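In case you want the letters, here they are:
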Amino acid sequence: MSVELKHFDISDDWQSILSQIESDGGVIVENFIPEELRLRIIEELKPHADGFEPGVTGGAVKQIFGGFQTKRFTGLPTKSPSFVHVIDHDLMHEWAEQSFNSDYWLNTAQAMIVGPGSPAQMLHRDVGNWPLVLSLGKDGPEGLVSILLAISDFTLENGATQVVPGSHKWDNFDIAAQGPDSDQITQAVMPAGSALMYTGKTIHGAGENSSDDVWRFGIHMSFTLGELTPEEALPVTVPWDVAKNFSERVQHMLGYFSHRTFLPDWPILWTSNYRDIRESLEPPASGDYVSSGARTLGAVDVGAAEDVPTE
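## Some remarks on the sheet that holds strand β5 (residues 144–150)
The strands that make up a sheet pair up through hydrogen bonds in the backbone, lying either parallel or antiparallel.
Thinking step 1. If you trace the seven strands from one edge of the open sheet to the other, you get β1-β2-β8-β5-β10-β4-β3, paired in mixed fashion. Whereas interior strands pair on both sides, the edge strands pair on one side only; in this sheet they are β1 (7–9) and β3 (70–73). Across the sheet, the mean angle from the axis of one strand to that of its neighbour is 25°, orientation sign disregarded.
Thinking step 2. As judged from the seven bridges shared by β5 and strand β10 (residues 216–225), these two strands associate in the antiparallel manner. Residue pairing for β10: I147 is matched across the bridge by M221.
Thinking step 3. Strands β1, β2 (26–30) and β8 (195–199) of the sheet are contacted by helix α1 (residues 14–24), whose axis makes an angle of about 150° with β2.

Listed below in structure tokens is the structure:
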């Protein structure tokens, strides 16, 4: 490997971290979560991980992509109340608010536990979930900001994530036509508690787990534009009876607040009876959280703007 990812510590200047992500498409941040939180997450998720069978159902391509020897499960706030602190991580929201120009929400929080003997995953860009966004390439809007949180150590042997730094700025986003050379690929080797922070445009994929008996325990978590449908059906995997106990910001991330796209005082997407969805919840959601990006949306002259719905 002739390229490497830059390493930071969570105590480093956040703007320096975010600037490096913009430059390289990804960085490693050590001590992303404190050790005490990591251990609580392990304790809470271990029963689910131990009892979960590897592999996914569906077509051949989906099964290969998902990994025959990889355990994937969602609904993490329901299974691990402590994981909510990761969803509420200030650096994640600082990054999202600088990356998106309107509201955003949680795309998914998904355990990805790669077992011994797993081959390397096919390389991909996560914005491929939304072909329209992918087709816009490097000049399109940022659709996704993601972390791969190392719950266990990520090593070359146990399948540390492969990453292609700089691939978020390639002119050609068709991997079949312009795939990376081997010397353009590095791996996110990092100690437990660290996070690989990367954009949805950056090429990556789980590495080969060539170990005899080590399961690589990681969690993917990503925020996406409010205008995009998330990968995980969060109000199903984290019902309101659970989410009502979380902070307003986390409730918003889980889909229990509506989204603003052009006016800060008009929640227009993901509504009920043309009103903010929080008004239909029982018991009602408290507070009136609005993301920083939504609060700074420009004012619109409704009488002059042709693209503003008036009926």
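Further notes follow.
## So, α1
Thinking step 1. Regarding α1, the residues found buried are I17, L18, Q20, I21 and D24. The buried residues of α1 occupy an angular sector of 155° when projected down its axis, which confines them to one face.
Thinking step 2. In this structure, the buried side of α1 is in contact with β1, β2, α6 (90–99) and β8.
Thinking step 3. One or two steps after α1, the chain reaches G25, where phi turns positive at roughly 90°.

## Some details on the nonpolar core
Thinking step 1. Counting residues in each nonpolar core, the largest one holds 57 residues, and the members touching the most others are F32, M197, M221, F223 and L254.
Thinking step 2. In this structure, F32 is in contact with I10, H89, L91, M92, I147, L149, G193, S194, A195 and M197, ignoring residues within four places of it in sequence.
Thinking step 3. In terms of nonpolar packing, the next biggest core, distinct from the first, is built from 12 residues, I28, L148, F154 and A188 among them.

## Here we look at the confidence of the model for the chain
Thinking step 1. Residues at a pLDDT of 70 or more form 95% of the chain, whose mean pLDDT is 92.
Thinking step 2. This stretch, residues 299–306, has a pLDDT under 50; its non-local contacts, to residues over four places away or in other chains, come to seven contacts.

## Things to note about the pairing of β8
Thinking step 1. In terms of burial, β8 is a largely internal element, five of the five residues being buried.
Thinking step 2. Judged by which residues are buried, β8 turns out to be covered on both faces: A195, M197 and T199 on one side and L196 and Y198 on the other are all buried.
Thinking step 3. Two strands pair when backbone bridges link them, and β2 and β8 are joined in this way by four bridges, in the antiparallel orientation. Across the sheet, I28 pairs through a bridge with L196, a residue of β8.
Thinking step 4. As paired elements, β5 and β8 share five bridges and run antiparallel to each other. Among the inter-strand pairings, V145 is bridged to a residue of β8, identified as T199.

## Thoughts on the sheet that holds strand β9 (residues 204–205)
Thinking step 1. Pairing within the open sheet is antiparallel, and its three strands lie in the order β7-β6-β9. Pairing within the sheet leaves two strands with one partner each, and these edge strands are β7 (186–187) and β9.
Thinking step 2. Of the strand pairs in this sheet, strand β6 (residues 162–163) and β7 are connected by two bridges, and their pairing is antiparallel. If you follow Q162 over to β7, its bridge partner there is Q187.

## A word on the packing of aromatic side chains
Thinking step 1. Scanning the model with the defined rule gives six aromatic pairs in all.
Thinking step 2. Relative to Y104, the ring of F100 lies with its centre 5.8 Å away and its plane at 40°, an arrangement referred to as tilted.
Thinking step 3. Residue class for Y104 comes out buried when judged on its relative accessible area of 1%.
Thinking step 4. With a centroid separation of 5.0 Å and an interplanar angle of 70°, the aromatic rings of W105 and W270 are classed as edge-to-face. Of this pair, W105 sits in strand β4 (residues 104–114) while W270 is found in the loop between β12 (267–269) and β13 (271–272), placing the two residues 165 residues apart along the sequence.
Thinking step 5. Classification of W270 as partly exposed rests on a relative accessible area of 41%.
Thinking step 6. Taking NZ or CZ as reference, R125 lies 3.8 Å from the ring centre of F173, over its face.

Reading the values: rules and limits
Numbering of residues starts from 1 in each chain and follows the order in which that chain's sequence is written. Only residues with pLDDT of 70 or above have their local features reported here, since the model is predicted, and side-chain atom pairs are shown and tallied only from 80 upward, although totals for entire chains, interfaces and linings are computed over all residues. Only hydrogens and water are set aside; all other atoms, that is, all heavy atoms of the structure, feed into the side-chain values. A pair of strands is labelled paired if DSSP reports no fewer than 2 bridges between them. In DSSP terms, a helix is any run of H or I states spanning at least four residues, a strand is any run of E spanning at least two, and both are numbered starting from the N terminus. In this description, a line fitted to the C-alpha atoms serves as the axis of each element, helices being fitted only across the stretch in contact, and the angle between N-to-C directions of two axes falls anywhere from 0 to 180 degrees. Throughout, a contact is declared for two residues whenever any of their heavy atoms are within 4.5 Å. Each residue gets one of three labels from its accessible area relative to the maximum for its type: buried under 20%, exposed over 50%, partly exposed in between, using a 1.4 Å probe on protein chains only. In this description, one arc is meant: the one made by directions from the helix axis to the C-beta atoms. In these notes, a set of buried Ala, Val, Leu, Ile, Met, Phe, Trp, Tyr and Cys residues joined through side-chain atoms within 4.5 Å is what counts as a nonpolar core. Predictor confidence is given residue by residue as pLDDT, running from a minimum of 0 to a maximum of 100. Only centres within 6.5 Å qualify two rings of Phe, Tyr or Trp (six-membered ring in Trp) as a pair; their planes then separate them into stacked at under 30 degrees, edge-to-face at over 60, and tilted for everything else. For a Lys NZ or an Arg CZ to count as sitting over a ring, it must be within 6 Å of the ring centre and within 35 degrees of the ring normal.

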